[in-house]
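Residue-level structure breakdown
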Amino acid sequence: MQQMSVTAGKDKPADSNRKIMIGLEVHGYLNMAESRAKLFCNCAINATAEPNTTICPVCTGQPGSKPMLPNREAIDKIVAIAAMLDCRINERLIFQRKHYSWPDMPTGYQRTMSGSYSVPVGQEGSFLGIGIEEVHLEEDPARWDPETGQVDYNRSGYPLVEIVTKPDFASSEEVRVWLRRLTATLSYIKAVNPDLGIKSDVNVSVAPDFGRVEIKNVNSFRSIVRAIEYETARQQREVKEGKKVSMETRAWRDGEGISVFMRQKETAVDYMFIPDPDLPAVKVTASEIKKIAEKLPEKPAAKIEKYVKQWKIDHVDAEVLSSEILLAGLFEKVAVVVNPILAARWLRRELLRVLNYNKKELEEVKLDERHMIQLLKLVESRRITDETAKGILEKLVEKQFDVGEYVRKNNLFAVAATDILEKYCEEAIAENPQAVADFKNGKEKALNFIIGSVMKKSRGKATPQQVTEILKRLIK
Ligand SMILES: [Zn+2]
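Residues numbered from 1 in each chain as written. Predicted model: local features only at pLDDT ≥ 70, side-chain atom pairs only at ≥ 80, totals over all residues. Heavy atoms only, no water.

1. Details of the overall build of the protein chain
On a plain count of helices and strands, the protein chain comes out with 19 helices and 16 strands. By the compact-globule yardstick of 23 Å for 476 residues, the protein chain is too spread out, its C-alpha radius of gyration being 29 Å. For the protein chain, the C-alpha atoms occupy an extent of roughly 90 × 60 × 50 Å along the three principal directions. By residue count, 47% of the 476 residues in the protein chain fall in the buried class. For the protein chain, contacts bridging at least 24 residues in sequence account for 69% of all contacts bridging at least 6. Approximately 24900 Å² of the protein chain is accessible, and the part contributed by carbon and sulfur atoms is 52%. The distance from the centre of the 72 positive side-chain charges to the centre of the 68 negative ones in the protein chain is 4 Å. (Helix = DSSP H or I, 4+ residues; strand = E, 2+ residues; numbered from the N terminus. Rg over C-alpha atoms; globule rule 2.2 N^0.38 Å. Buried < 20%, exposed > 50% of the residue type's maximum accessible area, 1.4 Å probe, protein only. Contact = heavy atoms within 4.5 Å. Areas by Shrake-Rupley, 256 points an atom, 1.4 Å probe, with all protein chains shown as cover. Lys, Arg positive; Asp, Glu negative; His and termini not counted. Charge placed at Lys NZ, Arg CZ, Asp CG, Glu CD.)

2. Points about unusual backbone geometry
A positive phi angle, close to 55 degrees, is found at Glu124, a residue other than glycine. Note that Glu124 resides in strand S6 (residues 122-127). The exposure class assigned to Glu124 is exposed, which follows from its relative accessible area of 52%. Positioned with a positive phi, Arg382 is a non-glycine residue whose angle comes to about 60 degrees. On the secondary structure map, Arg382 appears in the loop between helix H13 (369-380) and helix H14 (386-398).

3. Focus on the domain arrangement of the protein chain
In terms of domains, the protein chain is made up of domain 1 (12-294), domain 2 (300-409) and domain 3 (418-475). Here the C-alpha centroids of domain 1 and domain 2 sit 37 Å apart. With 7 residues of domain 1 at the contact, the number on the domain 2 side is 10 residues. Summed over both partners, the interface of domain 1 with domain 2 comes to about 680 Å²; 57% of that surface belongs to carbon and sulfur atoms. Looking only at domain 1, the three residues that lose the most surface to domain 2 are Arg181, Ala184 and Tyr188, adding up to 68% of its buried area. For the pair domain 1 and domain 2, the interface holds 2 salt bridges. Among the salt bridges present, the one from Arg180 reaches Glu319, with a minimum N-O distance of 2.7 Å. (Domains from an automatic or database assignment. Buried area = accessible area lost by both parts, 1.4 Å probe. Salt bridge = Lys/Arg side-chain N within 4 Å of Asp/Glu carboxyl O.)

4. A closer look at the coordination of the zinc ion
Taken together, the protein ligands of the zinc ion are Cys41 (SG), Cys43 (SG), Cys56 (SG) and Cys59 (SG), with distances of 2.3 to 2.4 Å. Taken together, the 4 donor atoms coordinating the zinc ion and their angles of 100 to 114 degrees define a geometry best described as tetrahedral. In the primary structure, the donors to the zinc ion are separated according to the pattern C-x1-C-x12-C-x2-C. The pair Cys41 / Cys43 is uniform in exposure class, with both members buried. (Donors = N, O, S within 2.8 Å, 3.2 Å for Na, K, Ca; no water. Tetrahedral: all angles 85-135°; square planar, octahedral: opposite > 155°, others 65-115°.)

5. Considering the pairing of strand S5 (residues 109-112)
Neither face of S5 is exposed, since Tyr109 and Arg111 on one face and Gln110 and Thr112 on the opposite face are all buried. Bridge count for strand S4 (residues 96-99) against S5 is 4 bridges, and the pairing is antiparallel. Across the sheet, the residue bridging to Arg97 is Arg111, located in S5. (Pairing = 2+ DSSP bridges.)

6. Let's talk about helix H5 (residues 221-240)
Over its 20 residues, H5 extends 29 Å from the first C-alpha to the last, a length consistent with the 28 Å expected when each residue adds 1.5 Å. Of all the positions in H5, only Ser223, Ile224, Val225, Ala227, Ile228, Glu231, Thr232, Arg234 and Gln235 are classed as buried. Contacts made by the buried residues of H5 are with strand S1 (21-29), helix H4 (172-188), strand S11 (198-205), strand S12 (213-218), strand S13 (248-253) and strand S14 (258-264). Positive phi appears at Gly242, one or two residues downstream of H5, with a value of about 80 degrees. (Expected span 1.5 Å × (residues − 1).)

7. Structural notes on the side chain of Asp140
Relative to the assigned elements, Asp140 resides in the loop between strand S7 (130-139) and strand S8 (143-144). A polar atom in the side chain of Asp140 sits 2.6 Å from the side chain of Tyr29. Here Arg155 takes part through its side chain, which lies 2.9 Å from a polar atom of the side chain of Asp140. (Polar contact = N/O pair within 3.5 Å; in protein donor to acceptor, adjacent residues only side chain to side chain.)

8. Considering the packing of helix H8 (residues 300-310) against helix H10 (residues 325-335)
Packed helix pairs are specified by the crossing angle of their axes together with the interaxial distance, meaning the distance between the axes. At a closest axis distance of 12 Å, the pairing of H8 and H10 adopts a crossing angle of 30 degrees. With respect to their mutual orientation, H8 and H10 come out roughly parallel. Crossing hand, H8 versus H10: left-handed. Contacts between H8 and H10 involve Lys303, Lys306 and Tyr307 from the first element and Ala328, Phe331 and Glu332 from the second. In terms of residue class, the contact of H8 with H10 is made up of 3 nonpolar, no polar and 3 charged. (Axes fitted to C-alpha atoms, helices over the stretch in contact; angles between N-to-C directions. Parallel < 35°, antiparallel > 145°, perpendicular 65-115°, else oblique. Left-handed = near helix turned anticlockwise from the far one by under 90°. Nonpolar A, V, L, I, M, F, W, Y, C, P; charged D, E, K, R; others polar.)

9. Considerations on the confidence of the model for the protein chain
Per-residue pLDDT for the protein chain has a mean of 87; in total, 94% of the residues score no lower than 70. Model confidence for the protein chain, summarised as mean pLDDT per element, is weakest for helix H1 (residues 2-7) at 33 and strongest for strand S10 (residues 159-165) at 96. Scored below 50 in pLDDT, residues 1-17 makes 4 contacts in the model with residues more than four places away or belonging to other chains. (pLDDT = per-residue confidence, 0-100.)

10. Regarding the nonpolar core
Membership of the largest hydrophobic core comes to 98 residues, with the highest contact counts inside it found for Ile81, Val135, Ile163, Phe331 and Leu351. When residues in this core are grouped by element, the largest group, 9 residues, is from helix H3 (residues 72-84). Other than its neighbours up to four places away in sequence, Val135 contacts Ile78, Ile81, Ala82, Leu85, Cys87, Pro120, Val121, Gly122, Val161, Glu162 and Ile163. Val415, Phe439, Leu471 and Ile475 belong to the second-largest nonpolar core, a separate cluster that totals 20 residues. (Core = buried A, V, L, I, M, F, W, Y, C linked by side-chain atoms within 4.5 Å.)

11. Remarks on the packing of H13 against H14
The geometry of H13 relative to H14 is characterised by a closest axis approach of 10 Å and an angle of 170 degrees between their N-to-C directions. When the axis of H13 is compared with that of H14, the two are roughly antiparallel. When H13 is examined against H14, the residues His371, Met372, Leu375 and Val379 are found in contact with a partner set consisting of Asp386, Ala389, Ile392, Leu393 and Leu396. Residues of the contact of H13 with H14, tallied by class, amount to 7 nonpolar, 1 polar and 1 charged.

Structure below.
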């Protein structure tokens, strides 16, 4: 054992992986639920509007137009995001002009809180063991179609959050899991517009002394994972062939599953950052930060830990239950009254199954915890069977009603009396001679058929375990 601990980390193949350094720049559209307006003008945020219908002189960069003061909702949202990611939040924020010439940017610069002299909203954060370099706010450019040359300015001026991580990831799998949890966490505060999705730039370097390669604009979790895997393998091949991996920017071609050279990596100098003279510094006072931080919900990671450690819930179940704040809230209310493991199983499996089947979200069905508790208490005390409970749950998702009363009225209590069950079993045996013979000849599965017949007779009010026991006793 001694030897193992000495050599561990030295000879393990994982050691070569440790040199792989992956960092992300995740961009998401802020969810502007209240103002529904862009960052520097009052134009509407509407993802489905006809091209160039939600525009004005500001967001189309007309000469002489000046930006309005930044939308306060965007500032508050971004502070909340930075706080959720445990960042130090700066109180005086500066917008800069990031210069570049491209058809999507009529002013010739993007307004952003990143860059050489910037003060980002949040810094030095950490999320699930990955360092957060900074969280900042910027405006989205217009959408330029290189095929037709047409520009749609609807999106121009949408507020974007950019979350820049440290190069702390060592594999695509780590990135995948982390991104999923990041999305769940941001959904708790409804910070990012889920309909518009996220996109990410990915930085990959396979060895400390090799150049960092940036892959631009990767548009889905799946593509991010594929791009990292492709780029890691490509760089490792270059290294093996004795080439030097250069610092460059590459584009991801999703259809082909490859990255292609775009340009040598630009530096901050290339963008000629200057503070935007049209925009005053944005002040966020300590008391405002405190107010926003106080309103933040408990994070999914904390919930997972609580579910697993205190309530002994399976880790996968804990992750699913915490992935949505409403589901987590319902679970926590139910789990203090009924056995948490039972509650987890029913919410994670049965409730989600019924919701999926009906293509509904939890928030649409308004299922309240009182009825869920009534139902699960009956299951816990075995006064109704799982089958009966599933049927009731399917109805509860459509309409709320008093579960106890419903069970009484419809006489759905589990059949506990053995003599009634025995009578059903005897009938089923008499009616299915072939299945009985098959079972006697060693075909275990034949019993299921007879069990099914008994369950039908009991209208689902018997438990399969009970029926199995009686049948086996009677047949032998
Ligand atoms: Zn506008």
